[in-house]
Amino acid sequence: MNSFHSPPLQRPIKLTISYTHSCNLQCRVCYAGCSREPSEREVPVAEWMRIVDDAIGSGVISFMFEGGEPLNRPDVIDVIRHCGSRAMTRLRTNATLIDRAMANALRAANLGDALVDMLGATAGTHDHLTGMPGSHQRLLAGVQELKSVGIPFTLLTIMNRRNAGELQGILDLGRSLGAEAVGVLRPYPLGRMRENWDELSLSLNEMMAAITGLRVPEGIRLMQSWHPNDANCCWQMAAVNAYGDSIGCTYLREYVNYGNLRSLTLLETWDDPLYASLRAGDVERSCGACATTQGSHGGCRSTAYAFHGRWDAPDPFDSPLNDGVDLRKLPDRLRAL
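It should be emphasised that the depicted structure is a prediction, and the values quoted were computed from it without experimental measurement.

Caption draft 1: Local environment of the pairing of strand E1 (residues 14-18). Summarising burial for E1: 4 of the 5 residues are buried, a large majority. Here E1 runs beside strand E2 (residues 62-66); their pairing, made up of 5 bridges, is parallel. Of the residues in E2, the one forming a bridge with isoleucine 17 is phenylalanine 65. This β-α-β element, E1 to helix H1 (residues 45-57) to E2, shows right-handed connectivity.

Set out below in structure tokens:
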């Protein structure tokens, strides 16, 4: 097996907090399969603050709040404020709940930046994928409120069959809106996206063609995780779901549980043997070009496990490692979830 030869981290430096399993939208590409209302099982504010304190004490210097839609639980502002002056603090949001008052509250809480999910350049595509008429217009209004209070933002989109032809439009729109970057993300067979996989998935060749055909406007940055930018992020990441479970990465949410942070410390779950193995980059084969550009190798462990059922398998979203895997067809064991 190949291993990541850089000195391994002894402590996590980034923590993603999936603050709630609820959302005001019903996105067809949702990885969480969110409910409309927060569950009573979700971690309450006081415990989130204790988890944040433990994480900062353990060496975490960057927090990402996502969901679901984190602003569907307005008390997330209190937790963002709790860590905003001590660590880089980011928010992933659909932006539809951001009005001037919310933007001012986020600014006062020392939010560092926002990552806004835009699923289509046009209202027709975006609203179809979110399941809410008017959500595209509300997103644009929310982005303008972020801009008005000086919070930097990035647009994110999950590539799928419905929006692949609008990626250039999202890039151009990002430039005109004043986004710092646009991120084009791979689809993961999780949650509601898995349920809609037959309708929305693309082949690797189709995805690569869509990526390579993009023209990046001046003044904006394109982020994408396809070859040769396919990293194994496990080495630096930690994540916790809305119920307090330590899951390493939100894209591993259906596959792992390293223990619950309501009773364990973050470092206790960090020492889980599987977690340590994924961080070490113990893989059968990896892509040298991606290792050169990303400083890690093996690609994403979530998609490797999803399509092969083995943690050390090649990442089929990476062209040199695909080995003929048709990404439009899910393994039977995933369809049974």
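Caption draft 2: Molecular detail of the packing of helix H3 (residues 100-108) against helix H5 (residues 135-148). With their axes 9 Å apart at the nearest point, H3 and H5 run at an angle of 45 degrees to one another. As the angle between them shows, H3 and H5 are arranged oblique. Handedness of the crossing formed by H3 with H5: right-handed. Residue-level inspection shows Arg100, Ala103 and Leu106 of H3 in contact with H5, the latter providing Glu145, Leu146 and Ser148. Its residues placed into classes, the contact of H3 with H5 shows 3 nonpolar, 1 polar and 2 charged.

Caption draft 3: Just the pairing of strand E3 (residues 88-93), in detail. Bridging between E2 and E3 involves 4 bridges; their strand directions are parallel. Bridge pairing in E3 links serine 62 to methionine 88. Tracing the backbone out of E2, into helix H2 (residues 76-84) and back to the parallel element E3 gives a crossover that is right-handed. Pairing of E3 with strand E4 (residues 113-117), which is carried by 4 bridges, proceeds in the parallel orientation. Counted as the bridge partner of arginine 92 is leucine 115 from E4. Regarding the hand of the β-α-β motif, the stretch spanning E3, H3 and E4 is right-handed.

Caption draft 4: Here's a closer look at the nonpolar core. Of all hydrophobic cores here, the largest spans 101 residues; its most connected members are Ile17, Phe63, Phe65, Leu106, Leu155, Met159 and Trp226. Discounting chain neighbours no more than four positions away, the residues touching phenylalanine 63 are Leu15, Ile17, Val52, Ala55, Ile56, Cys83, Ala87, Met88, Thr89 and Arg90.

Caption draft 5: Looking closely at helix H11 (residues 273-280). Of all the positions in H11, only Tyr275, Leu278 and Arg279 are classed as buried. The buried residues of H11 occupy an angular sector of 100 degrees when the element is viewed end-on, so they sit on one face. Those residues of H11 hidden inside the fold are in contact with strand E8 (237-240), helix H10 (266-270) and helix H13 (301-308). Sitting at the amino-terminal end of H11 is aspartate 272, which places a side-chain oxygen 2.9 Å from the backbone nitrogen of leucine 274. Immediately downstream of H11, the backbone of glycine 281 shows phi near 70 degrees, a positive value.

What counts, and where the lines are drawn
- Residues numbered from 1 in each chain as written.
- Predicted model: local features only at pLDDT ≥ 70, side-chain atom pairs only at ≥ 80, totals over all residues.
- Heavy atoms only, no water.
- Buried < 20%, exposed > 50% of the residue type's maximum accessible area, 1.4 Å probe, protein only.
- Helix = DSSP H or I, 4+ residues; strand = E, 2+ residues; numbered from the N terminus.
- Pairing = 2+ DSSP bridges.
- Right-handed = clockwise from strand over helix to strand, strands pointing away.
- Axes fitted to C-alpha atoms, helices over the stretch in contact; angles between N-to-C directions.
- Parallel < 35°, antiparallel > 145°, perpendicular 65-115°, else oblique.
- Left-handed = near helix turned anticlockwise from the far one by under 90°.
- Contact = heavy atoms within 4.5 Å.
- Nonpolar A, V, L, I, M, F, W, Y, C, P; charged D, E, K, R; others polar.
- Core = buried A, V, L, I, M, F, W, Y, C linked by side-chain atoms within 4.5 Å.
- Arc of directions from axis to C-beta.
- Polar contact = N/O pair within 3.5 Å; in protein donor to acceptor, adjacent residues only side chain to side chain.

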